[in-house]
Amino acid sequence: MRTNVYFFVVVILSILFAFTHALNGQNQLYSKNSIKVGLGIGISMGNNTEGSGFVYTTGYHRELWKNRLRLNPNFSIGHYSSKWMLDARDQYFNSINIETNLYFDLIRIKWFSLVIGCGGLINNSRGLKGTGGDPEGYTEPPASEYVNDFHFGGFLGGGFRINPPGKRIAVNIMPVNIHVGNNYFAEFHAKIELDVKL
């Protein structure tokens with residue numbers, strides 16, 4: 001729990017740092033490298049897990065071709081529970097993803113672009129399944145159990161990118177983020193991300 005709080009604080013401080021520097025970023029030249037941070041909401045499910053919650057991401061961003069093709073290795077952690085799911089057993093779990101994605105500006109008009117992305121990932125979902133929830137699904141209450149599952153899969157996503165020239169910050173509004181993998185693993189998120197140019 002303490003690690004989750006620390007990670008959340010780091011993401012928030014990174015976003016505040018990015019906004020602070022954005023105010024000073026007037027017509028400067030930056031490298032092709034940036035730090036990406038993001039925050040989203042969605043659902044995660046697998047063979048032994050199902051829940052909704054928040055996801056936090058951080059990673060490296062590298063322009064590869066004409067500011068239209070970008071590489072993004074990243075790390076994300078999501079915190080989920082079945083609190084808002086009426087037909088799921090009580091459960092609380094974290095979903096940790098290590099990803100390498102490529103993003104491409106499919107359509108670009110000045111500093112606004114339509115973005116698509118794809119990539120691969122390794123996932124670890126771990127947490128606790130409790131004794132309550134889904135009362136009609138069991139003849140007797142199940143025992144509590146720990147879950148620690150690994151998944152391999154891919155990423156597909158799409159959204160919009162706002163990248164004013166000469167500014168330190170680019171904003172990515174990504175309503176579609178889909179992870180799919182083995183053992184019925186799937187995640188669906190809507191996220192907003194900031195690229196802090198170095």
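That block above? That's the structure.
Residues numbered from 1 in each chain as written. Predicted model: local features only at pLDDT ≥ 70, side-chain atom pairs only at ≥ 80, totals over all residues. Heavy atoms only, no water.

Before going further, it helps to examine the pairing of strand 2 (residues 50–65). Bridge count between strand 1 (residues 33–45) and strand 2: 13 bridges; the pairing is antiparallel. Bridge pairing in strand 2 places I35 opposite Y60. Here strand 1 folds back onto strand 2 in antiparallel fashion, the turn holding four residues. Hairpin connection from strand 2 to strand 3 (residues 69–81): three residues lie between these consecutive antiparallel strands, with K66 at a positive phi of about 50°. (Pairing = 2+ DSSP bridges. Helix = DSSP H or I, 4+ residues; strand = E, 2+ residues; numbered from the N terminus.)

One number sums up the size of the second largest pocket: a volume of about 180 Å³. Surrounding the second largest pocket, 13 residues form its lining, Y30, E63, P165, G166 and K197 being those nearest its centre. (1 Å grid on protein atoms, 1.4 Å probe; cavity = no way out; pocket = protein on both sides within 12 Å on 5 of 7 lines; lining within 4 Å. Points joined across faces, edges and corners; volume = space filled by probe spheres on them.)

A separate point is the side chain of N177. Along the chain, N177 falls in strand 7 (residues 169–181). A distance of 2.8 Å separates a polar side-chain atom of N177 from the backbone oxygen of M174. In contact with N177, not counting residues within four places along its chain, are F155, L156, G157, E187, F188, H189, A190 and K191. (Polar contact = N/O pair within 3.5 Å; in protein donor to acceptor, adjacent residues only side chain to side chain. Contact = heavy atoms within 4.5 Å.)

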